[in-house]
Amino acid sequence: MGTERRRFSRTSIPGPLQGDGQDVATILHLVHNLIHEEEEKEDKPSQQMQNVGEQAHMALLGHSLAAYISVLDRERLRKLTTRILSDTTLWLCRLFRYENGSACFHEDDRAGLVRVCRLVINVRYEEFATEGYAVLSSKQPVIYQSSSCRPGLGQHLCSQLGLPLSSLCTVPCNTIFGSQHQMDVALLDKLIKEDIEAGKLPLLLIANAGTPGAGHTDKLGRLKELCDQYNMWLHVEGVNLATLALGQVTSAVMAATRSDSMTLTPGQWLGLPAVTAVTLYRHEDPALSLAAGLTSSQPVEKLRALPLWLSLQHLGHNGIVQKIKHATALVMVSLCAQQVEDELNSPVVLFKFSQEMSAGKILTLGEQLAQLVPTSGVDVVELEDEGTCVRFSPLLTAAVLGTQPEDVEELVERLSELVPVMSSTMCLRQDFREESHRHSASLRYVDDISWPGLGVPQAEGMDESRRKQVLEKINNELLRKLQDLDTDIIFSTGPEFGAAKYTIFVGMVTEDVDVSELVDTIAALGRDIEESGRLLENMTEVVRKGILEAELQLQKANEEKLIEEGMLRQIPLVGSVLNWFSPVESSIKGRTFNLAADIEDTVTPSRQYLEGVKPLIKPFLLLV
């Protein structure tokens, strides 16, 4: 198996196409090895993969069917793709309460918004089709977005549309009234008026029905009124749009159905792999929609809707609603477990640590929760006002990971266990630092902003490369001994690069841990390892000197033997005959040296360690 693995590992390096073709089994075997190569090479466990059910298989089947359908004759292909596109558009518009809408299917979930912007530019600049970007110089278009929108979205739009970044206006969120993640409507109104006075053209507003970080919804009703007042296009996106399929929808999210366009991501909400995003929009001029790329005259392009067409039929209306309802119910399970009320009715739960804590520590907490409860789908987000938080967003992860209520209960339970431990760790960190300074002769405390790090003994009196080698050796041995201790504390090494490379990182501790005893134990183990290293180094030096001295003495003895016996006795055949007729008794004597005595004279290790080493000396002498 090792030879087979190495053979396929070599094929992962790009190279020329082989002359002879390969069978399907060989190619599939190659694909399998490429996927799992790193796991097999480093003996890594398989990572959490998407929960692929029957509906997911239908989505994957759609990609294969699209390839087969594309080879049909043109007329049959046109009829079939038109039916697939029409059905899928009708089902999505009815499911998400978007009446009289059209649909654009795209792989990148930002592509729909880019095409919508092109459509609006064509509508607002009538000469754009013939004059191009030259017509934009008369009135610079302006696209407005919230400061809580997806990072990099506005820059991507400007890049794809060929617009300068000055065409992008980021509107701050509320600072006094309302959610701090909702766009400030009054400030938006002021910015629009200023742009109009400056001779610019307000073009489009991007609003959120569920911000990426906190899941809050903008005041879409008021924003729609503002867009109508200034003849602007309103585009809405966000995870909360999924709740439009439920029987009861909040008025804040229901206002999204009045928007000019909105982008849906049913693949995430329903757990469907490799399914396109969908942008629903309302516009009556098919020519402009075609020019903007929202529709296509090529039948093959319409086949992008096929995987979703198959999946929606397989799930049915009730199945789709049930999946979304299940995800929103998981939010209530988490809130009930913590006895917290949801005032904003958001399908996203944020866990914020009450004490002052660096982003690195929150990240560590989030990673531990993700490892302990992998089906929960929690991650760590950085928010402008709240800072770093742990996020639970089941609408984005539950269908993919198969999250169940018991998983959420376990998540809250684990969180309840980890938070007190982290609190006690923060409280004991100062004591840990002071105790480490008390052992400054052998320990050096590393002040890491994301973890309580502890240094190792410094090796002085040697060059830098030699010191690093000794530090690494002592560090590895100290880590091994600490990990062998009967304790719940986790000890690990520092990062591979940086100043904290040669350190031992001490994990989170409970409040009943005796910090003084912990530091004393680490210092004692470090001293023993350092002394043992010096003992072995001196033992090696004694043996080396003894061997050199023995070689000199043997050379001297050979010279004395040559003088005593004469040159003829050194010739192999002649010497044997002379020794037979006239034997000579050699005066050369063997020599020995006392390794144990030399060790005791050169180093002064602890009595306990010396007693443990003495039994090893006798067989070592026999080997020499």
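Parameters at a glance
- Residues numbered from 1 in each chain as written.
- Predicted model: local features only at pLDDT ≥ 70, side-chain atom pairs only at ≥ 80, totals over all residues.
- Heavy atoms only, no water.
- Helix = DSSP H or I, 4+ residues; strand = E, 2+ residues; numbered from the N terminus.
- Buried < 20%, exposed > 50% of the residue type's maximum accessible area, 1.4 Å probe, protein only.
- Contact = heavy atoms within 4.5 Å.
- Areas by Shrake-Rupley, 256 points an atom, 1.4 Å probe, with all protein chains shown as cover.
- Pairing = 2+ DSSP bridges.
- Axes fitted to C-alpha atoms, helices over the stretch in contact; angles between N-to-C directions.
- Salt bridge = Lys/Arg side-chain N within 4 Å of Asp/Glu carboxyl O.
- 1 Å grid on protein atoms, 1.4 Å probe; cavity = no way out; pocket = protein on both sides within 12 Å on 5 of 7 lines; lining within 4 Å.
- Points joined across faces, edges and corners; volume = space filled by probe spheres on them.
- Nonpolar A, V, L, I, M, F, W, Y, C, P; charged D, E, K, R; others polar.
- Patch = residues over 30% accessible without salt bridge, like charges linked within 9 Å, V, L, I, M, F, W, Y side chains within 5 Å.
- Parallel < 35°, antiparallel > 145°, perpendicular 65-115°, else oblique.
- Left-handed = near helix turned anticlockwise from the far one by under 90°.
- pLDDT = per-residue confidence, 0-100.
- Phe/Tyr/Trp six-rings, centres within 6.5 Å; stacked < 30°, edge-to-face > 60°.
- Lys NZ or Arg CZ within 6 Å of the ring centre and 35° of its normal.
- Polar contact = N/O pair within 3.5 Å; in protein donor to acceptor, adjacent residues only side chain to side chain.

Student: It is not clear to me how the overall build of the chain should be interpreted in this structure. Could you clarify?
Tutor: Assigned secondary structure in the chain consists of 22 helices and 14 strands. In the chain, buried positions account for 44% of the 624 residues. Partitioning the intrachain contacts of the chain with sequence separation of at least 6 by distance along the chain shows that 70% fall at a separation of at least 24. Counting only carbon and sulfur atoms, one obtains 53% of the accessible surface of the chain, whose full area is about 34800 Å².

Student: Would you explain the pairing of strand β10 (residues 387-392) in this entry?
Tutor: Of all six residues in β10, six are buried, a share of seventy percent or more. As paired strands, strand β8 (residues 349-351) and β10 are joined by three bridges and run antiparallel to one another. Counted as the bridge partner of F351 is V390 from β10. Bridge count for strand β9 (residues 379-383) against β10 is five bridges, and the pairing is antiparallel. Paired with V381 across the strands is C389, a residue of β10. Adjacent in sequence and paired antiparallel, β9 and β10 are bridged by three residues.

Student: Explanation requested: the sheet that holds strand β5 (residues 233-237) in the structure shown.
Tutor: Strands in a sheet are paired, the pairing made by backbone hydrogen bonds, and the direction either parallel or antiparallel. Judged by pairing direction, the sheet is mixed, and its seven strands sit side by side in the order β1-β7-β6-β5-β4-β2-β3 without closing on themselves. One side of each edge strand has no neighbouring strand; the edge strands of this open sheet are β1 (102-106) and β3 (168-171). Strand after strand, the sheet turns through a mean of 20° between neighbouring axes, direction not considered. Alignment of strand β6 (residues 261-264) against strand β7 (residues 277-281), held across four bridges, turns out to be antiparallel. The partner of T263 across the bridge, within β7, is T279. Taken strand by strand, helix α4 (residues 74-95) contacts β1 and β7, and its axis lies near 110° from that of β1.

Student: What is the right way to look at the pattern of salt bridges in this model?
Tutor: Applying the stated criterion across every chain yields a total of 15 salt bridges. One salt bridge connects R150 with E237, and the closest N-O pair in it is separated by 3.1 Å. Placement of the pair is R150 in the loop between β2 (141-146) and α7 (153-161) and E237 in strand β5, with a sequence separation of 87 residues. Judged by its relative accessible area of 6%, E237 falls in the buried class. Here the salt bridges share partners, and the residues they tie into one network are D109, R150 and E237.

Student: It is not clear to me how the layout of surface pockets should be interpreted in this structure. Could you clarify?
Tutor: Unfilled space is identified by rolling a water-sized probe across the atoms. Computed from the structure, the largest pocket encloses a volume of approximately 1000 Å³. C149, R150, T211, P212 and G213 are the residues nearest the centre of the largest pocket, which is lined by 48 residues in total. Broken down by element, the lining of the largest pocket gets its largest block of residues, four residues, from helix α11 (residues 266-270). A per-class count over the lining of the largest pocket returns 19 nonpolar, 21 polar and eight charged.

Student: Explanation requested: a nonpolar patch on the surface in the structure shown.
Tutor: A surface patch of nonpolar side chains, amounting to about 260 Å² of accessible area, comprises I27, V31 and I35. Mapped onto the fold, V31 is located in helix α2 (residues 24-42). When its relative accessible area of 39% is taken as the criterion, V31 is described as partly exposed.

Student: In this structure, what is going on with the packing of helix α8 (residues 185-197) against helix α9 (residues 220-229)? I would like to understand it.
Tutor: In a pair of packed helices, the angle between the axes and the distance between the axes together describe the arrangement. Two numbers describe how α8 lies on α9: the axes approach to 11 Å, and their chain directions differ by 15°. Judged by the angle between their axes, α8 and α9 are roughly parallel. Crossing geometry of α8 relative to α9 is assigned as right-handed. Taken together, the residues of α9 that come into contact with α8 (itself represented by V185, L188, D189 and I192) are R222, L223 and L226. Here the residues of the contact of α8 with α9 sort into five nonpolar, no polar and two charged.

Student: Which parts of the structure should I look at to understand the confidence of the model for the chain?
Tutor: For residues with low pLDDT, the predicted coordinates do not support detailed interpretation. Looking at the chain as a whole, the pLDDT averages 80, with 75% of positions reaching at least 70. Confidence over residues 452-462 falls short of pLDDT 50; this stretch has 43 contacts with residues more than four positions distant or in other chains. Per-residue pLDDT stays below 50 along residues 612-624; that stretch engages in 12 contacts with residues further than four places along the chain or on separate chains.

Student: Just checking my understanding: could you explain empty space enclosed by the protein for this structure?
Tutor: In total, this model carries two cavities of 30 Å³ or more according to the counting rule given. In this model, the largest cavity occupies a volume close to 100 Å³. Around the largest cavity sit 10 residues that line it, and T425, L428, F432, G507 and V509 are the ones nearest its centre. When contributions to the lining of the largest cavity are tallied by element, the ones reaching two or more residues are α17 (405-438) and α19 (515-565). The element that contributes the greatest number of residues to the lining of the largest cavity is α17, accounting for four residues. Looking at the lining of the largest cavity residue by residue, the classes come out as seven nonpolar, two polar and one charged.

Student: Help me understand the environment of R74 in this model?
Tutor: Residue placement: R74 occurs in helix α4. You can call R74 exposed: its relative accessible area is 60%. In this structure the C-alpha to C-alpha distance between R74 and V300, which are 226 residues apart in sequence, comes to 9.9 Å.

Student: What exactly am I supposed to notice about the packing of aromatic side chains here?
Tutor: Two aromatic rings, taken as a pair, are described by how far apart their centres are and by the angle between their planes. Scanning the entire structure with this criterion turns up two aromatic pairs. Taking the centre distance of 5.3 Å and the plane angle of 85° together, the rings of F128 and Y133 count as edge-to-face. Relative accessible area serves as the criterion here: at 15%, F128 is assigned to the buried category. For Y133, a relative accessible area of 44% corresponds to the partly exposed category. A cation over a ring is seen here: R282 above Y98, with NZ or CZ 3.8 Å from the ring centre.

Student: How do you make sense of the side chain of D87 when you look at a structure like this?
Tutor: Looking at where D87 falls in the secondary structure, it is placed in helix α4. For D87, a relative accessible area of 13% translates into the label buried. A polar contact of 3.3 Å, which involves the side chain of D87, links it to the side chain of W309.

Student: Quick question: what am I supposed to make of the pairing of β1 here?
Tutor: The side chains of a regular strand alternate, residue by residue, between the two faces of the sheet. Of all five residues making up β1, four are buried, and the element is well covered by its neighbours. Note that β1 and β7 share five bridges and pair antiparallel. Looking at β7, one finds that A103 is bridged to L280.

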